[in-house]
Amino acid sequence: MKRRIGVSLLFILLSYCSVYAQDDNVHSLDLNPTKSTEREFLMTPAEKLNHRLFKELVFPYQFNETCNALFTTIVLPVRNCQLSDTLVYEEKCPEVVKTAFRRVLPILKEQKWSRIFPELKDKKDYDIVLPFEYSFQVPGCWDTIPAKTVKWRTEQAMKTRANNEIKSYCLQPLKISRFK
Amino acid sequence: MFFRKETLLYLAFCLPLLTLSCSKDDKLISHDSDEITSAKNWLETQHVDFLVDWDKAKYNKQSDRVIAPLIWNVISDDGPLSMRKLSISGHRTGKRGVNVVEIIPSKAYYLEHGNNYSLKDFEGVLALRGLDLQFQRGEYYKNGERAFPAIFTSYPSMEAYMNAPHVEGCVYTYTSYASGGTVVVVGTNYCNYGWNIGGSGGNTSGNGTEPSRPIEYEIDEQTSPENDGPATEWYYAHVEEVVDSLHTPCFKNTLSMVVNGAFTKTMIEVIDQVFHFNEALEVTVMEDQLDANLDGVEQSFRSGMFIKSTITLNQSLATASKEYVAATLLHEACHSYFSAKKAWPLRDANNVHHNVMANQYVSGMAGALQHLFPNLPAEDAINLAWGGLAETLSWKAMAMSDPAKINSIIATNNKYKAGTSGTKSQ
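What counts, and at which threshold
Residues numbered from 1 in each chain as written. Chains lettered and ligands numbered in written order. Predicted model: local features only at pLDDT ≥ 70, side-chain atom pairs only at ≥ 80, totals over all residues. Heavy atoms only, no water. Helix = DSSP H or I, 4+ residues; strand = E, 2+ residues; numbered from the N terminus. Buried < 20%, exposed > 50% of the residue type's maximum accessible area, 1.4 Å probe, protein only. Contact = heavy atoms within 4.5 Å. Areas by Shrake-Rupley, 256 points an atom, 1.4 Å probe, with all protein chains shown as cover. pLDDT = per-residue confidence, 0-100. Pairing = 2+ DSSP bridges. Polar contact = N/O pair within 3.5 Å; in protein donor to acceptor, adjacent residues only side chain to side chain. 1 Å grid on protein atoms, 1.4 Å probe; cavity = no way out; pocket = protein on both sides within 12 Å on 5 of 7 lines; lining within 4 Å. Points joined across faces, edges and corners; volume = space filled by probe spheres on them. Nonpolar A, V, L, I, M, F, W, Y, C, P; charged D, E, K, R; others polar. Disulfide = S-S within 2.5 Å. Expected span 1.5 Å × (residues − 1). Arc of directions from axis to C-beta. Axes fitted to C-alpha atoms, helices over the stretch in contact; angles between N-to-C directions. Salt bridge = Lys/Arg side-chain N within 4 Å of Asp/Glu carboxyl O. Parallel < 35°, antiparallel > 145°, perpendicular 65-115°, else oblique.

Caption draft 1: Quick peek at the overall build of chain A. The helix and strand tally for chain A stands at eight helices and seven strands. The buried share of chain A, reckoned over its 180 residues, is 43%. If you take every contact in chain A between residues at least 6 apart in sequence, the share linking residues at least 24 apart comes to 71%. Summing over all exposed atoms, chain A offers an accessible surface of approximately 10,300 Å²; the carbon and sulfur share of this is 53%.

In structure tokens form, the structure reads like this:
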């Protein structure tokens, strides 16, 4: 196992070096001036967003004890280049999820969506769809959602929006699992 | 025809016996506690100096043995946490005997199962010790089957074990415990020599012949829940930053003290890793209304390669002293640290964490508390550091050897929790 960790560390180090070598302007990237810069440096903009959401999303203790996995999609409406204050949730989305996402609204508002979807550079009105999975991998409290279910439900969510006048763009799922 | 007649006769003879046998078994089931009490009483006549956890004793009808966990100072760092059980035999036959069975799982088995041992898939060493705790014999099990005899050697320290020459082709594992103020490491090796080998040097007591009776039926600890899912991976991670989601001023203030305080050597790593910078673990400290019996809880989450630990303080602690809040934060910080940094199993994680805290972190936490609160008496600091560790083996050992200390710990925690001692929250 130690060897596996060693190999992983070596891989991260090599990845770091190779990315660093490829881009001399790496220091000009808009990195979050926190201590996470080294890891965020290796991430895509979409991964960075998910990381920040993961970091800031807080669910109450009781919710973390339910042992009932959930999957939902959250729609982030952008109008005139501004993210709306009101996010759109699925009908059965638990109130704690809505509360948690209300708390991270500033992060979502700061996001430059064209960094994730370059085709949005010249667009003013669009919807961003965020698939969200919360699962439990705690011994005695185990409930997960199969990857194919996540995929299917995300596809369904996008299909229902396919004919909307305002185009939708789907983020990679934000997956959070409790393991202890 | 003859066969049929004989079968009928056989059945006519055996059925009543079977019924009698069943009723006897039923009687035994309903009197397991009598068997345990009888074993306990017999053991008292043997003048052995064991601390036995009689609350968790079980009677094994099949082997006519009472199996009870021993309370001892097992230590787990990154290695498997072994377990000792007392095995008292012979109530039905009237020939009493006692052995100590030590279960040393392989690291892989331990990571997957924790201390929920089961014979059907056990991998690791089962060892028999005598009443003097010297090894008598040991067996290495693979997939629940006896594979090789195991050899035992004691080392004075972990370094000595790590630096000892290891024979190529043999598999090594170890367990460690505190004895007379020093850490004793017991390394075991199992080489595929077959059963007919002799012992090796040092303190070895390997048995060269196939044991007449397998140790196997002694080991089952408890059945794992059915819906646990596959084995959970374990993680190494680092702490990145603390997200302070607290709003009670006392909590915010105490968290700031804990995060920014300088600490005793033992706690430096914990605090640095949990509350200070690094790469991949975030810690959120929040407050919520928890069950009355909980002062705080720690829950761990992951998303991709990131780990996040959430420490939740019970809002009821708003009236507790700052010392009590700080002790709770340190306790939960240890959970965060262990979850992220230690290669310990997630199954039964809280129990493992608490035992390690009780064995290795109490004085460190107490020192940290005294540093934060210079007027805090040393005894109170120690007593506060013991908070939340009442289910541990060390606590039970103390309850037997020094019950007054247990009362003192409980009284101190009650006073500081009620806010009648210590620094008032504001």
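That shown, we press on.
Caption draft 2: View of the confidence of the model for chain B. Residue and element names in this part refer to chain B. Scored by pLDDT, chain B has a mean of 72; 65% of the residues are at 70 or more. Contacts from residues 195-212, a stretch scored under 50 in pLDDT, to residues over four places away or in other chains number 36 contacts. In the predicted structure, residues 222-240 sits below a pLDDT of 50 and forms 64 contacts with residues beyond four places in sequence or in another chain. Both scores are given for the predicted complex: the pTM is 0.62, the ipTM 0.75.

Caption draft 3: Quick peek at the pairing of strand 7 (residues 135-142) of chain B. Residue and element names in this part refer to chain B. Strand 7 sits mainly inside the fold: six of its eight residues count as buried. Pairing geometry for strand 6 (residues 124-129) and strand 7, over six bridges, is antiparallel. Note on strand 7: the bridge partner recorded for Leu-128 is Arg-137. Where strand 7 lies against strand 8 (residues 145-149), four bridges are found, and the strand directions are antiparallel. Across the sheet, residue Tyr-140 finds its bridge partner in strand 8, namely Phe-148. The loop that links strand 7 with its antiparallel partner strand 8 comprises two residues; one of these, Asn-143, has a positive phi angle of about 50°.

Caption draft 4: Molecular detail of unusual backbone geometry. Residues and elements named next belong to chain A. Unlike most non-glycine residues, Cys-67 shows phi in positive territory, near 65°. Relative to the elements of secondary structure, Cys-67 occurs in the loop between helix 4 (61-64) and strand 1 (70-79). With relative accessibility at 22%, the residue Cys-67 sits in the partly exposed group. Unlike most non-glycine residues, Asn-80 shows phi in positive territory, near 50°. Summarising the element assignment, Asn-80 is placed in the loop between strand 1 and strand 2 (82-83).

Caption draft 5: Highlighting the environment of A:Tyr169. All names here are of chain A. In this fold, Tyr-169 is placed in strand 6 (residues 168-170). Sequence separation between Tyr-169 and Asp-127 is 42 residues; the distance between their C-alpha atoms is 6.2 Å. Leaving out residues up to four positions away in the same chain, Tyr-169 has contacts with Phe-117, Glu-119, Leu-120, Lys-123, Tyr-126, Asp-127, Ile-128, Val-129 and Met-158. One polar contact links Tyr-169 to Lys-123, side chain to side chain, over a distance of 2.8 Å.

Caption draft 6: Looking closely at the layout of surface pockets. Residues and elements named next belong to chain B. Considered as a void within the structure, the largest pocket measures approximately 1,100 Å³ in volume. Among the secondary structure elements, those contributing two or more residues to the lining of the largest pocket are strand 14 (296-303), helix 7 (322-341), helix 8 (349-372) and helix 11 (403-418). Examining the composition of the lining of the largest pocket, we find that six residues originate from one element, helix 7, more than from any other. Partitioning the lining of the largest pocket into residue classes produces 18 nonpolar, 13 polar and nine charged.

Caption draft 7: Just the state of the cysteines, in detail. Residue and element names in this part refer to chain A. Counted according to the given criterion, the structure contains one disulfide over all chains. A sulfur-sulfur separation of 2.0 Å characterises the disulfide bridge that pairs Cys-67 with Cys-141. Looking along the S-S bond of the Cys-67-Cys-141 disulfide, the torsion reads about -110°, which is the left-handed sense. On the criterion of sequence distance, the pair formed by Cys-67 in the loop between helix 4 and strand 1 and Cys-141 in strand 5 (residues 141-143) is long-range, its members being 74 residues apart. Taking relative accessible area as the criterion, Cys-141 reaches 7% and is therefore assigned buried.

Caption draft 8: Seen up close, helix 2 (residues 32-45) of chain B. Residue and element names in this part refer to chain B. Spanning 14 residues, helix 2 covers 20 Å between terminal C-alpha atoms, matching the ideal 20 Å at 1.5 Å per step. Of the residues making up helix 2, those classed as buried are Glu-35, Ile-36, Ala-39, Trp-42 and Leu-43. One side of helix 2 carries all its buried residues, which in axial view fall inside an arc of 125°.

Caption draft 9: Molecular detail of empty space enclosed by the protein. As enumerated under the stated definition, the model contains four cavities of 30 Å³ or more in all. Taken as a whole, the largest cavity holds about 60 Å³ of empty space. Residue lining of the largest cavity: A:Phe54, A:Leu57, A:Val58, A:Phe59, A:Asn64, A:Tyr134, A:Ile176, B:Met286, B:Phe301, B:Lys308 and B:Thr310, and that is the complete set. Tallied by class, the residues present in the lining of the largest cavity amount to eight nonpolar, two polar and one charged.

Caption draft 10: Geometry of the sheet that holds strand 1 (residues 58-60) of chain B. Residues and elements named next belong to chain B. Strand order in the open sheet made by the seven strands is 1-2-4-5-6-7-8, with antiparallel pairing throughout. Across the chains shown, the open sheet's two edge strands, defined by having one partner strand only, are strand 1 and strand 8. Strand-to-strand twist across the sheet, computed as the mean angle between neighbouring axes with direction ignored, equals 30°.

Caption draft 11: Seen up close, the environment of A:Leu53. All names here are of chain A. Looking at the element boundaries, Leu-53 is found in helix 3 (residues 45-56). Given a relative accessible area of 0%, Leu-53 falls into the buried group. Taking the C-alpha atoms as reference points, Leu-53 and Leu-174, separated by 121 residues in sequence, lie 8.2 Å from one another. Those residues within four positions of Leu-53 in sequence are excluded, and the remaining contacts are Val-104, Ile-107, Leu-108, Leu-130 and Leu-174.

Caption draft 12: Quick look at the pattern of salt bridges. All names here are of chain A. One pass over the full model with this rule turns up 13 salt bridges over all chains. With a shortest N-O distance of 3.0 Å, Asp-127 and Arg-79 are connected by a salt bridge. Taken together, the positions of Asp-127 in strand 4 (residues 126-138) and Arg-79 in strand 1 put the pair 48 residues apart, joining distant regions of the chain. Measuring nitrogen to oxygen at the nearest pair gives 3.9 Å for the salt bridge that ties Lys-98 to Glu-95. One end of the pair is Lys-98 and the other is Glu-95, both in helix 5 (residues 95-103) and three residues apart, which spans about a single turn. A relative accessible area of 47% places Glu-95 in the partly exposed class.

Caption draft 13: Spatial organisation of the packing of helix 10 (residues 393-401) of chain B against helix 11 of chain B. Residues and elements named next belong to chain B. Running from N to C, helix 10 and helix 11 cross one another at 120°; their axes reach a closest spacing of 5 Å. Classified by the angle between their axes, helix 10 and helix 11 sit oblique to one another. Facing Trp-395, Met-398, Ala-399, Met-400 and Ser-401 of helix 10, the residues of helix 11 in contact are Pro-403, Lys-405, Ile-406, Ile-409 and Ile-410. Of the residues contributing to the contact of helix 10 with helix 11, the split by class is eight nonpolar, one polar and one charged.

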